[in-house]
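Summary of structural features
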Amino acid sequence: MIADLVFRGALVVDGSGREPHRGDVAIDGGRIVAVAPSLGRIDAGRTVDAASLALMPGIIDSHTHFDAQITWDPTLAPSPALGVTTAVIGNCGFTIAPCRAADRERTMQNLTQVEGMSLAALRAGIDWRFETFPEYLAQLRARGAAVNVAAYVGHSSVRTWVMGAEAATRAATDVEIGRMQDVVRDAMAHGAVGFATSTSPAHNGEGGLPMPSRLASDAELAALVDAMAEGGRGVFMLTKGGQTSMAFLESLAAASARPVMVAALLHNSVAPRAVFDDLDAIAAANARGRRMLGQVSCCPLTMDFTLASPYPVEGLKSWQPALSLSGERLKRKLADKPFRDGVRAELATPTTFRLFNNEWDKVQVVEVAQPEKHAALEQKSIAEIAAVQGSDPLDTMLDLAIAEDLKTVFTAQLLNSDEDAVGRMLNHPQSIVSLSDAGAHLTFFNDAGFGLHLLGHWARDRGTMSMSEAVRRLTSHPTEVLGIADRGMLREGFAADLLLFDPATVGRGPKRRVCDLPGGAARLTTDAIGAHGVWVNGRQVADATGLIANVPLVGNLLTQFN
Ligand SMILES: [Zn+2]
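Note that this is a predicted model, so its numbers are computed, not measured. (Residues numbered from 1 in each chain as written. Predicted model: local features only at pLDDT ≥ 70, side-chain atom pairs only at ≥ 80, totals over all residues. Heavy atoms only, no water.)

The subject of this paragraph is the coordination of the zinc ion. When four donors bind a metal tetrahedrally, each ideal donor-metal-donor angle is 109.5 degrees, and when six bind octahedrally, the ideal angles are 90 or 180 degrees. With distances of 2.1 to 2.4 Å, the protein atoms coordinating the zinc ion are His63 (NE2), His65 (NE2) and Cys92 (SG). Along the chain, the residues that donate to the zinc ion are spaced as H-x1-H-x26-C. A relative accessible area of 1% places His63 in the buried class. (Donors = N, O, S within 2.8 Å, 3.2 Å for Na, K, Ca; no water. Buried < 20%, exposed > 50% of the residue type's maximum accessible area, 1.4 Å probe, protein only.)

This is the structure in structure tokens:
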């Protein structure tokens, strides 16, 4: 036998969920050519002694926002170094294609607001050589990427393409809905993995206007899911607002006979039953023969923020008057007593989903802008500071921020911090481990290493699931849902997308701040722990130290789905 590369004596965790076994894996021409307890003599280009390591299929990240970054950074850093070999872009429908030249600035402003991307980086970075969705895919295919990529066609982009600026202000006419259906059909015909949207009130665009998809009626959503499903393919993905009912989503799953993926199911300790009610509704729909899944996260949702761009509270209705403001006008609004009273009143009202839930012990001062005056406040929670000062916590945070010209950096532990609850969500039969949001919210958090965290923290350290089940959840489960053939398992004939790791140490490193975006903007990044190598289509893209130099752009643009 001839092979490019043979792994000898690895603990083979093959992605199917079955017990790991010791064995050899040979790859050749980008494919796995043999998996066996012992392969005997092989004429191999390279042999890796993997006796103390485990080999698994590469991680599928089904919820990323690399749509913009991929046009200036085809390595999709930092994901490949964190074991990800396939990334799905276009989630929530926040994409950059289709987009007419006249709508580019609006689209970038929207992404800045909704996904916390630096406007300067987007302006300096996005390579706008496309307008339509097929032109965008052609550009990605020509440029290449370090990992395999699948793309949703995104509702907000489709709506803006058809309605221009009015996409964010009004309902669509029947004629406009018909034109949107044509765009979705065309995108599906050219290889979109599905159709994605958001009805979440947390999703606001330029100037605090809702993201365009939020203006869609149920009839518009139904028509577009219908257009997606015409070819008998496609996944419908949405980030669900409270006003969108599971019953309506089940009706779309029934009418389209296609999988419906519901995000973002994050545990909220103020309404601890809410996500389980959603998962129960999803389970009941499956029992009635629909295919529905809930996207869950294995990471606590923790965000760093300043009051100049306070994502955790921007979804509050009472915050809307501040959304379009900046500089002195924003500071005046934040100082305004009626504004603060409105925010306090809203935070005191129970609700099922809200990013920030009045838990001031979970908001901390990370970095003050005036250390000579405020250094003692660093690493203290707002609850502690307010107690010492005898002040209201919201006043405490806003007064400090205003005194420091809105430059104080805070961190908030928002959701998913109750580990017993999160463990049950991760093991739910209809959940899908997802929600890294890689490529977005770059100054707020970075969960691109979610897969390594599932393996290390949840499988090894907590024993919430077996290592083989954790691997299945990161590999063959998402490929099966998304209809990606020949990936996600270590099987003869499958693509050689591989992660070699040390099960005793695997995990994700702490987040750290780097300033390497176009124009020098900052982002948070994270390093792998215990990852020894990552291969995409048989070529190595990362080693134990991270992305390899001149990383080969060997990922495929995936356009064929079951
Ligand atoms: Zn998203």
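Here the focus is the pairing of strand E2 (residues 21–28). Here six bridges tie strand E1 (residues 2–12) to E2, and the two strands are oriented antiparallel to one another. The partner of Val12 across the bridge, within E2, is His21. Pairing of E2 with strand E3 (residues 31–36) involves five bridges; the strand directions are antiparallel. Bridging across to E3, Ala26 finds its partner in Ala34. With antiparallel pairing between neighbouring strands as the criterion, E2 and E3 make up a hairpin whose turn holds two residues, including Gly29 at a positive phi of roughly 60°. (Pairing = 2+ DSSP bridges. Helix = DSSP H or I, 4+ residues; strand = E, 2+ residues; numbered from the N terminus.)

So, about the pairing of strand E9 (residues 194–198). Summarising burial for E9: five of the five residues are buried, a large majority. Residues Gly194, Ala196 and Ser198 line one face of E9 and the alternating positions Phe195 and Thr197 line the opposite face, and both faces are buried. Two strands pair when backbone bridges link them, and strand E8 (residues 148–154) and E9 are joined in this way by three bridges, in the parallel orientation. The partner of Gly154 across the bridge, within E9, is Ala196. Relative to strand E10 (residues 235–239), E9 is paired through five bridges, and the arrangement is parallel. The residue of E10 that forms the bridge with Gly194 is Val235. With helix H7 (residues 218–229) bridging E9 and its parallel neighbour E10, the resulting β-α-β unit is right-handed. (Right-handed = clockwise from strand over helix to strand, strands pointing away.)

For the pair helix H16 (residues 419–426) and helix H17 (residues 450–461), interaxial distance at closest approach is 12 Å and the crossing angle is 115°. When the axis of H16 is compared with that of H17, the two are roughly perpendicular. Relative to H17, the crossing made by H16 is left-handed. Facing H16, whose interface residues are Glu419, Val422, Gly423 and Leu426, H17 presents Leu454, His457 and Trp458. (Axes fitted to C-alpha atoms, helices over the stretch in contact; angles between N-to-C directions. Parallel < 35°, antiparallel > 145°, perpendicular 65-115°, else oblique. Left-handed = near helix turned anticlockwise from the far one by under 90°. Contact = heavy atoms within 4.5 Å.)

Taken in spatial order, the eight strands make up an open sheet running E6-E7-E8-E9-E10-E11-E12-E16, and their pairing is parallel. Pairing within the sheet leaves two strands with one partner each, and these edge strands are strand E6 (59–61) and strand E16 (431–433). Strand after strand, the sheet turns through a mean of 25° between neighbouring axes, direction not considered. Pairing between E10 and strand E11 (residues 260–265): four bridges, direction parallel. Among the inter-strand pairings, Thr239 is bridged to a residue of E11, identified as Ala263. Contacting E9 and E10, H7 crosses the sheet at an angle of about 160° to E9. On top of the sheet, helix H18 (residues 467–474) reaches E6 and E16; it is set at about 90° to E16, its chief contact.

This part is about the nonpolar core. Grouped together as the largest cluster of nonpolar side chains are 164 residues, with contacts concentrated most on Phe236, Leu307, Trp319, Met397, Phe410 and Leu455. Ranked by residues supplied to this core, first place goes to H7 with seven residues. Discounting residues that sit within four places of it in the chain, Phe410 has contacts with Met303, Asp304, Phe305, Leu307, Val363, Gln364, Val365, Val366, Ile382, Met397, Leu400 and Ala401. Of all hydrophobic cores here, the second largest spans 18 residues; its members include Ile32, Ala50, Phe494 and Trp535. (Core = buried A, V, L, I, M, F, W, Y, C linked by side-chain atoms within 4.5 Å.)

Here the focus is the pattern of salt bridges. The tally for this structure, following the rule as stated, stands at 36 salt bridges. Across the pair Glu220 and Arg159 runs a salt bridge, and its minimum N-O distance is 2.9 Å. Note that Glu220 is positioned in helix H7 and Arg159 in helix H5 (residues 155–163), a separation of 61 residues in sequence. Note on Glu220: relative accessible area 0%, which makes it buried. With a relative accessible area of 0%, Arg159 lands in the buried category. Of the charged contacts, one joins Asp405 and Lys407 as a salt bridge, the two residues approaching to 3.0 Å between their closest N and O atoms. Here Asp405 falls in the partly exposed class, since its relative accessible area comes to 39%. (Salt bridge = Lys/Arg side-chain N within 4 Å of Asp/Glu carboxyl O.)

Since the α-helix packs 3.6 residues into each turn, any two residues three or four apart lie on the same face. Counting buried positions along H17 gives nine out of 12 residues, so the element sits mostly inside the fold. Taken as a whole, H17 has its buried residues at Phe450, Gly451, Leu452, His453, Leu454, Leu455, Gly456, Trp458 and Ala459. Just beyond H17, the residue with positive phi is Gly463, at close to 65°.

To continue, consider the side chain of Gln139. Its place among the elements puts Gln139 in helix H4 (residues 133–143). Since its relative accessible area comes to 10%, Gln139 is described here as buried. A distance of 2.9 Å separates a polar side-chain atom of Gln139 from the backbone oxygen of Asp127. Residues in contact with Gln139, not counting those within four places in the same chain, are Thr71, Asp127, Arg129 and Phe130. (Polar contact = N/O pair within 3.5 Å; in protein donor to acceptor, adjacent residues only side chain to side chain.)

Let us look at empty space enclosed by the protein. Counted under the stated rule, the structure contains five cavities of 30 Å³ or more. Put simply, the largest cavity is a space of about 110 Å³. Forming the boundary of the largest cavity are 16 residues, of which Thr95, Thr107, Ser156, Ser157 and Thr160 lie nearest the centre. Taken together, the elements giving at least two residues each to the lining of the largest cavity come down to helix H2 (104–114) and H5. Residue composition of the lining of the largest cavity, by class: seven nonpolar, seven polar and two charged. (1 Å grid on protein atoms, 1.4 Å probe; cavity = no way out; pocket = protein on both sides within 12 Å on 5 of 7 lines; lining within 4 Å. Points joined across faces, edges and corners; volume = space filled by probe spheres on them. Nonpolar A, V, L, I, M, F, W, Y, C, P; charged D, E, K, R; others polar.)

Read from one edge to the other, the open sheet built from three strands follows the order E13-E15-E14, with strand pairing classed as antiparallel. Where the open sheet ends on each side, the last strands, each with one partner, are strand E13 (301–305) and strand E14 (363–367). With direction set aside, neighbouring strand axes in the sheet form an average angle of 25°. Direction of pairing for E14 relative to strand E15 (residues 409–415): antiparallel, over a ladder of four bridges. Bridging from a neighbouring strand, Val365 pairs with Phe410 of E15.

What is shown is where atoms sit, not what they do.
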